[in-house]
Amino acid sequence: TASKKFALLIGVNYYNYPDCSLRGCVNDVVNMCNVLVDAYDYDRTNIIVLRDDANDSAFLPTRANIIDRLKWLITQSATASEIWILQTMECYLRRP
């Protein structure tokens, strides 16, 4: 059932780092959230999305927030029928 499915989605576009700024990572987690809800019957309240454009610091992808949410996910795993973790962030800097 939907109540037994949990997800942690992390998207980082590196907005504060112009040399490393990405365009699709936050969109990827938003789209995955929609897919999980619409196609796989996840309850939206069981999906945590951390993204670097969040206005609320509790939803920024900081080390502390990621560890805290992973602990939450581990706690849920005892009764979960399904768990998703998606991290989308990658940047390579080329130096001359």
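Up top is the structure.
Rules of the game
- Here the residue numbers are simple positions, counted from 1 along each chain's written sequence.
- Residues qualify for local features only when their pLDDT is at least 70, as the model is predicted, and side-chain atom pairs are given and counted only at 80 or more; totals for whole chains, interfaces and linings, by contrast, use all residues.
- Note that water and hydrogens are dropped before the side-chain values are worked out from all heavy atoms of the structure.
- A side-chain nitrogen of Lys or Arg and a carboxyl oxygen of Asp or Glu constitute a salt bridge if their distance falls within 4 Å.
- Burial classification: accessible surface area is computed with a 1.4 Å probe over protein chains only, and a residue below 20% of its type maximum counts as buried, one above 50% as exposed, and the rest as partly exposed.
- Two strands make a pair as long as DSSP finds a minimum of two bridges between them.
- Secondary structure elements are defined from DSSP: runs of H or I of at least 4 residues count as helices, runs of E of at least 2 residues count as strands, and each element is numbered from the N terminus.
- Interaxial angles span 0 to 180 degrees and are taken between N-to-C directions of axes, which are lines fitted to C-alpha atoms, for helices over the stretch in contact.
- Between two residues, a contact is recorded if the distance between any of their heavy atoms is within 4.5 Å.

Draft legend 1. The arrangement of the pattern of salt bridges in detail. For the coordinates displayed, the defined rule picks out two salt bridges. Notably, a salt bridge pairs Arg51 with Asp53, separated by 2.6 Å at the nearest N-O pair. In this structure Arg51 comes out as partly exposed when scored by relative accessible area, which is 25%. In this structure, Asp68 engages Arg69 in a salt bridge whose closest nitrogen and oxygen atoms are separated by 3.4 Å.

Draft legend 2. Just the sheet that holds strand β1 (residues 5-11), in detail. Taken in spatial order, the three strands of this open sheet run β2-β1-β3, and their pairing is parallel. Two strands lie at the open edges of the sheet, namely β2 (47-51) and β3 (82-88), each paired on one side alone. For this sheet, the mean angle separating the axes of adjacent strands, direction not counted, is 5°. The strands that helix α1 (residues 25-40) touches are β1, β2 and β3; relative to β1, the one it contacts most, it runs at about 165°.

Draft legend 3. Broad picture of the pairing of β1. Counting buried positions along β1 yields seven of seven residues, so the element is predominantly enclosed. As defined by bridge partners, β1 adjoins β3 across seven bridges and the pair is classed as parallel. Paired with Phe6 across the two strands is Ile83, which belongs to β3. Inspection of the sheet shows β1 paired to β2 by five bridges, in the parallel sense. Within β2, the residue paired with Leu8 across the bridge is Ile48.

Any link to function would need more than the numbers given here.
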